[in-house]
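# Topology and contacts: notes
The residues making up each chain are set out below.
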Amino acid sequence: MNKKEKVISTYNAAADSFDKGPLGFWSAIGRETVACMQLKKGETVLDVCCGSGASALPAAELVGREGMVTGVDMADSLLSLGRNKARAKALDWVRFLHADITQTSFQPGEFDAVVCVFGIFFFEDMAAQLAKFWEYVKPSGQLVITTWGKEIFAPAYSIWAEQVSAIRPELIGDFNPWDDITTKEGLSDLFSQAGISNVKIVHLESQQALHHEEDFWTIALGSGLRWVVEQLNPEEQELLKKNLISEIKKHNIQSVKTDALIARAIKEP
């Protein structure tokens, strides 16, 4: 299974938990990202790696019926969730496309804004993809990228890693795809590599509360950690769940870190 297939498989599986309460950080950070964009009525927005609509839907609320939001993702199960939410809100100027953004044929300068929340690190060549997104932005338009800050899901993540390692150590790697861009310096450097200057980056400090003892297990099921769960047999899954919950309870962990970096660049007129 290559990287792209792994991502698609993981997030299609995660769709069954993606919008549950303990995963509220998806929606919260999506809305914070859109708030930074200062969108206007009638604007057109491309949302890459849109998932179930955490940023596409609030963007649609701002641009209104005069505008258009196009969400693109390869996980069709997440797109189904997004379409259902759009229908419930009567946001019929949002379209969710099941497509590989690297294979689409959007035109240069087609959009007032391009946004990608927690998705840029899935591309093999992040700088090249960022440059492609920049091409899609109209003069005076904007490109916004949101990625994780440092120590995602701390302090529970270290317990997760320990418990996974005790069962299947080969499933825990030393490097996550977003590790190079968890700082303002790293993210700014990525924009520079893509030939984009004058980027402004906001550090969003964020915590996800854990109200119940199983909440971090739910987070694992509804996030990229789902890939690990899917590699385990049912007995191993139950053992991991039991040990994880026990250790989180033992250490009285009541929240996890979900810091994000939001980078915004405006194209010259």
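In what follows, the structure referred to is the one given above.
Residues numbered from 1 in each chain as written. Predicted model: local features only at pLDDT ≥ 70, side-chain atom pairs only at ≥ 80, totals over all residues. Heavy atoms only, no water.

Check the secondary structure of the protein and you find 10 helices and 9 strands. By the compact-globule yardstick of 18 Å for 269 residues, the protein fits well, its C-alpha radius of gyration being 18 Å. Within the protein, the fraction of its 269 residues that count as buried is 51%. Taking all contacts inside the protein whose residues are at least 6 apart in sequence as the whole, residues at least 24 apart take part in 82%. Roughly 12500 Å² of accessible area belongs to the protein as shown, and the carbon and sulfur atoms make up 49% of that amount. Charge separation in the protein, taken as the distance between the mean sites of 27 positive and 36 negative side-chain charges, equals 5 Å. (Helix = DSSP H or I, 4+ residues; strand = E, 2+ residues; numbered from the N terminus. Rg over C-alpha atoms; globule rule 2.2 N^0.38 Å. Buried < 20%, exposed > 50% of the residue type's maximum accessible area, 1.4 Å probe, protein only. Contact = heavy atoms within 4.5 Å. Areas by Shrake-Rupley, 256 points an atom, 1.4 Å probe, with all protein chains shown as cover. Lys, Arg positive; Asp, Glu negative; His and termini not counted. Charge placed at Lys NZ, Arg CZ, Asp CG, Glu CD.)

On to helix α3 (residues 56-63), then. Of all 8 residues in α3, 6 are buried, a share of seventy percent or more. Of the residues making up α3, those classed as buried are Ala56, Leu57, Pro58, Ala59, Ala60 and Val63. On its buried face, α3 sits against α2 (24-37), β1 (44-48), β2 (68-73), α4 (76-88) and β3 (94-98). Note on α3: the residue one or two positions beyond its end, Gly64, has a positive phi of about 70°.

As a further point, take the nonpolar core. Ranked by size, the top nonpolar core spans 91 residues in total, and within it Ile120, Leu130, Phe133, Leu143, Trp160, Phe191 and Phe216 carry the most contacts. Residue contacts for Phe216: discarding those within four places in its chain leaves Phe153, Ala156, Tyr157, Trp160, Leu210, Leu225, Leu244, Ile248 and Val256. (Core = buried A, V, L, I, M, F, W, Y, C linked by side-chain atoms within 4.5 Å.)

What the 7 strands build is an open sheet, ordered β3-β2-β1-β4-β5-β9-β6; its pairing is mixed. At either margin of the open sheet sits one strand with a lone partner, and together these are β3 and β6 (200-204). Averaged over all adjacent pairs, the angle separating strand axes in this sheet is 15°, with direction ignored. Bridge count between β2 and β3: 5 bridges; the pairing is parallel. Paired with Asp73 across the strands is His98, a residue of β3. (Pairing = 2+ DSSP bridges. Axes fitted to C-alpha atoms, helices over the stretch in contact; angles between N-to-C directions.)

The analysis is restricted to geometry; functional conclusions fall outside its scope.
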